[in-house]
Amino acid sequence: MKLSKSGGGDFKPAPAGTHIAVCTRFIDLGTQKVEWQGQTKNQRKVMIAWELPHEQMDDGRPFIINQRYTFSTSEKATFRKHLEGWRGKKFTDADFEGDTAFDTRKLLGVPCSLIVSNSAKNGSTYANVEGIGPLPKGMPRPEPKNELVYLSLDAFDPITFGKLSQGLRDVIMKSPEYEMAISGGGDHHETNGDPSDEIPF
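All figures in this text were calculated on a predicted structure; none of them were measured in a lab. (Residues numbered from 1 in each chain as written. Predicted model: local features only at pLDDT ≥ 70, side-chain atom pairs only at ≥ 80, totals over all residues. Heavy atoms only, no water.)

A. Representation of the overall build of the protein. A tally of regular secondary structure across the protein gives 4 helices and 7 strands. Along its sequence from the N terminus, the protein presents helices and strands in the succession β-β-β-β-α-β-β-β-α-α-α. Looking at the protein as a whole, 43% of its 201 residues are labelled buried. Here the analysis covers contacts within the protein between residues at least 6 apart in sequence; of these, 63% occur between residues at least 24 apart. When the accessible surface of the protein is split by element, carbon and sulfur atoms take 48% of a total near 11600 Å². (Helix = DSSP H or I, 4+ residues; strand = E, 2+ residues; numbered from the N terminus. Buried < 20%, exposed > 50% of the residue type's maximum accessible area, 1.4 Å probe, protein only. Contact = heavy atoms within 4.5 Å. Areas by Shrake-Rupley, 256 points an atom, 1.4 Å probe, with all protein chains shown as cover.)

B. Geometry of helix 3 (residues 166-173). All buried positions along helix 3 are accounted for by Leu168, Arg169, Val171 and Ile172. Viewed end-on, helix 3 has its buried residues packed into an arc of 160 degrees, placing them on one side of the element. Residues of helix 3 that are buried in the fold lie against strand 2 (17-36), strand 3 (39-56), strand 4 (62-70), strand 7 (149-151), helix 2 (158-163) and helix 4 (176-182). (Arc of directions from axis to C-beta.)

C. Representation of the pairing of strand 3. In the sheet, strand 2 pairs with strand 3 via 13 bridges, with the strands oriented antiparallel. Across the sheet, aspartate 28 pairs through a bridge with valine 46, a residue of strand 3. Counted along the chain from strand 3 to the antiparallel partner strand 4, the turn is 5 residues long, and its residue glycine 60 has a positive phi close to 90 degrees. (Pairing = 2+ DSSP bridges.)

D. The environment of phenylalanine 201, seen in detail. Within the secondary structure, phenylalanine 201 is located in the segment after helix 4. For phenylalanine 201, a relative accessible area of 6% puts it in the buried group. Taking the C-alpha atoms as reference points, phenylalanine 201 and arginine 105, 96 residues apart in sequence, are found 9.3 Å from one another. What phenylalanine 201 contacts, discounting residues up to four positions off in sequence, is Leu83, Trp86, Arg87, Phe102, Lys106, Leu107 and Val110.

E. The arrangement of the nonpolar core in detail. By size, the foremost hydrophobic cluster in this structure holds 27 residues, and its most contacted members are Trp50, Ile65, Trp86, Leu107 and Leu114. For this core, the secondary structure elements donating two or more residues are strand 2, strand 3, strand 4, helix 1 (78-87), strand 5 (111-121) and strand 6 (124-133). No other element matches the 4 residues that strand 3 contributes to this core. Counting 13 residues, the second-largest nonpolar core is a separate cluster that includes Leu29, Met47, Leu164 and Ile172. (Core = buried A, V, L, I, M, F, W, Y, C linked by side-chain atoms within 4.5 Å.)

F. Structural context of the environment of proline 13. Summarising the element assignment, proline 13 is placed in the loop between strand 1 (6-7) and strand 2. The exposure class assigned to proline 13 is buried, which follows from its relative accessible area of 17%. Taking the C-alpha atoms as reference, proline 13 lies 7.7 Å from phenylalanine 63; in sequence the two are 50 residues apart. The residues contacting proline 13, other than those within four sequence positions of it, are Phe63, Thr125, Tyr126 and Ala127.

What follows is the structure in structure tokens.
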């Protein structure tokens, strides 16, 4: 799976290195057309955003890094590999089945360590998430400064959708899941984890 890059334009990308981070956004982008090596595919995409509490921009706000993933539970998928690195434990098939299936909402507010790289393309510098690990033992849990935002097209919330940038809304509105959501065909089922579990999600 090829990860899309964040940053570019007039925005200063997050610096390269290993950083403490906390998840502030999980956005369901729906099924998108992706061109790769001359072929066009339809793939469900999601975007995760983290803030870096120990790395501040010139205005004092923490850097934000966004990463887009193909929403896949395949063992070869980067999305699954990054989540397993983050939680410090591999998933099993049972984690993706039935009423106890993994709920992506549980990612919000969860800290981690991010390995970030910078790359240049067409005169712009981009920040990329190369790997994720759990928060180091003994390190205080950082509290996010930005609002936690979760959008699922399977349980669509128009108020949350309205908080997104116009660019993100434009991407989401191209998906068939968005069309289904606004027509009232979404699923409002959610699951909850065990708060006593030492695994963060």
